[in-house]
Amino acid sequence: MGGGGALTPTSTPSSPSSSSEPLPPEFAEHVAVSPISDDDGSDECCVCDDDEVEATRYYNRQLREAKELIRRYKPGDWVEGVGGTKAGHFLLPEITTLLLVGPRGSGKSTLVNQITRVFDKDDDPFAPDRAQVSCNSKSNGTIFLREYPIPRNSSGICVYDTCGWSNDPENNFKMLHQWMTKGISHGETTMWDNDEGNKTGDIKPLGRQYSFLRYITRKVNFVIFVVDGAAVLESIDSNNKGYTEILHQTFMYPFLSIGDDKPVVVVTHGDRLSIQQRAHVQNELAELLNIPAQQIYDIPGSDDYQTDMAVLDMLHYCVRHAEQNLPVKLNYHLEV
């Protein structure tokens, strides 16, 4: 992770003292034992290789430390102090706000649940998923902007789930421009009149639960650009480049950048692809979007150490870059 031993989006740290294959992370807190074969007539057990046990403990320690960084974070904590500045010199947000954007069905709501589960494993393993996930293309998907503190009830970081893009790129740019310049608010309607026959007027009554409360408008501090890895692969391998073209066109939209920093990219649905296909998708996206592969995070729908670390590393990346681009207070002057 940035600021501490850097992890690439898909890497797994090696054990500090082991060159053997480590135990799966799900056995991290257990010392694996296996019975002596019946041939030796012994009832004793043998403890597995100490290096393997050390490796799994090392993985657990890294995971705990990465989670704790996010749990303790408050806006301004990671200001780097460039040019003699301090956190008090900047306009700090009440909560650092990360905006999820991407095509319909790209996995934005699934990503919300994936991020939440990383922390729920410690806090509440039986907690239900937070975001409603669409299971087919006929669903409207997310209709209202939804704010999700990360972890639950946190005052440090929140992610905003949004609707999938319109079929009209101009509508997408108009909405993205509004979010990035005017801010976003929990419960805000996010659909267009020309989206497959859906009329904004038809779905507004569904938002009556939000009409009695005035939610705070949040300034977007960084953007997470979510893409479906399977759809990218299909577009690459076929003559239909529509999916990758709209990804490129939208990613290059200037208002999605925070300062000079372009959005971080998250590839979902990698569990439907082979390891080789996932690597191919990552390399193709790096070339298509003109960003380093380290800015692309492969976060499949898996429950394992690598996925959890990719989620945490991605959050760390977003917050670091958000804090690098905080606006300076108007009355701020450095003492020479």
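Residues numbered from 1 in each chain as written. Predicted model: local features only at pLDDT ≥ 70, side-chain atom pairs only at ≥ 80, totals over all residues. Heavy atoms only, no water.

- Labelled according to an unreviewed UniProt entry, the chain appears under the name G domain-containing protein, originating from Miscanthus lutarioriparius.

### Notes on the nonpolar core
(1) Moving on: Ile-224, Phe-225, Val-227, Leu-285, Met-314 and Leu-315 are the most contacted members of the largest nonpolar core, which has 73 residues in total.
(2) Moving on: It is helix α9 (residues 305–324) that provides the largest number of residues to this core, a total of eleven residues.
(3) Moving on: Dropping the residues within four chain positions of it, Leu-285 is found in contact with Val-227, Val-232, Leu-247, Val-267, Asn-290 and Ile-296. (Core = buried A, V, L, I, M, F, W, Y, C linked by side-chain atoms within 4.5 Å. Buried < 20%, exposed > 50% of the residue type's maximum accessible area, 1.4 Å probe, protein only. Helix = DSSP H or I, 4+ residues; strand = E, 2+ residues; numbered from the N terminus. Contact = heavy atoms within 4.5 Å.)

### So, the pattern of salt bridges
(1) Moving on: Summed over all chains, the structure comprises ten salt bridges.
(2) Moving on: For Arg-117, the salt bridge identified is with Asp-129, shortest N-O distance 2.9 Å. Here Arg-117 is found in helix α2 (residues 108–123), whereas its partner Asp-129 is found in the loop between α2 and β4 (146–150), with twelve residues between them in sequence.
(3) Moving on: The exposure class of Asp-129 is partly exposed, given its relative accessible area of 48%.
(4) Moving on: Lys-121 is paired through a salt bridge with Asp-308; the nearest N and O atoms lie 2.6 Å apart. Of this pair, Lys-121 sits in helix α2 while Asp-308 sits in helix α9, and the two are 187 residues apart along the sequence.
(5) Moving on: The class of Asp-308 is buried, set by a relative accessible area of 4%. (Salt bridge = Lys/Arg side-chain N within 4 Å of Asp/Glu carboxyl O.)

### Focus on the sheet that holds strand β10 (residues 296–298)
Hydrogen bonds between backbone groups are what pair the strands of a sheet, and the pairing can be parallel or antiparallel.
(1) Moving on: Ordered by their spatial adjacency, six strands build an open sheet running β4-β5-β3-β8-β9-β10, and the pairing between neighbours is mixed. The sheet is open, and its two edges are formed by β4 and β10, each paired on a single side. The sheet shows a mean angle of 25 degrees between the axes of neighbouring strands, direction not considered.
(2) Moving on: Relative to strand β8 (residues 222–228), strand β3 (residues 96–101) runs parallel, the two sharing four bridges. Bridge pairing in β8 places Leu-99 opposite Val-223. (Pairing = 2+ DSSP bridges. Axes fitted to C-alpha atoms, helices over the stretch in contact; angles between N-to-C directions.)

### As for the packing of helix α3 (residues 169–182) against helix α7 (residues 242–251)
(1) Moving on: Where α3 contacts α7, the axes come no closer than 11 Å and their chain directions differ by 35 degrees. When you trace α3 past α7, the crossing you get is right-handed. Residue-level inspection shows Pro-169, Asn-172, Phe-173 and Leu-176 of α3 in contact with α7, the latter providing Ile-246, Gln-249 and Thr-250. (Left-handed = near helix turned anticlockwise from the far one by under 90°.)

### Description of the confidence of the model for the chain
(1) Moving on: Looking at the chain as a whole, the pLDDT averages 81, with 75% of positions reaching at least 70.
(2) Moving on: Low pLDDT (under 50) marks residues 1–42, which in the prediction has 75 contacts with non-local residues, meaning those over four places away or in another chain.
(3) Moving on: The low-confidence segment residues 197–201 (pLDDT under 50) makes nine contacts with residues lying over four places distant or belonging to another chain. (pLDDT = per-residue confidence, 0-100.)

### Focus on the environment of Val-226
(1) Moving on: Positionally, Val-226 belongs in strand β8.
(2) Moving on: Beyond its immediate stretch of four places on either side in the chain, Val-226 contacts Leu-100, Val-101, Gly-102, Pro-103, Ser-106, Gly-107, Lys-108, Leu-111, Val-266 and Thr-268.

### Examining helix α8 (residues 275–289)
(1) Moving on: Helix length check: α8 (15 residues) gives 21 Å between terminal C-alpha atoms against 21 Å at 1.5 Å per residue, within 8%.
(2) Moving on: Residues Val-281, Gln-282, Leu-285, Ala-286 and Leu-289 constitute the buried set of α8. All buried residues of α8 project into a common sector of 135 degrees when viewed along the axis, lining one side. Summarising the geometry of α8, the exposed residues directed more than 90 degrees from the buried face are Gln-276 and Glu-287.
(3) Moving on: Among the structural elements, β8, α6 (229–237), α7, β9 (264–268) and β10 are those in contact with the buried residues of α8.
(4) Moving on: Once α8 ends, the next one or two residues include Asn-290, with phi positive near 60 degrees. (Expected span 1.5 Å × (residues − 1). Arc of directions from axis to C-beta.)

### A look at the packing of aromatic side chains
(1) Moving on: Per the stated rule, a full pass over the model turns up nine aromatic pairs.
(2) Moving on: Look at Tyr-73 and Trp-78: their rings are 5.0 Å apart centre to centre, the planes differ by 55 degrees, and that puts the pair in the tilted class. Neither Tyr-73 nor Trp-78 differs from the other in exposure class; each is buried.
(3) Moving on: Summarising the aromatic geometry, the rings of Tyr-297 and Tyr-317 are spaced 6.2 Å apart at their centres and angled 65 degrees between planes, so their arrangement reads as edge-to-face. On the criterion of sequence distance, the pair formed by Tyr-297 in strand β10 and Tyr-317 in helix α9 is long-range, its members being 20 residues apart. (Phe/Tyr/Trp six-rings, centres within 6.5 Å; stacked < 30°, edge-to-face > 60°.)

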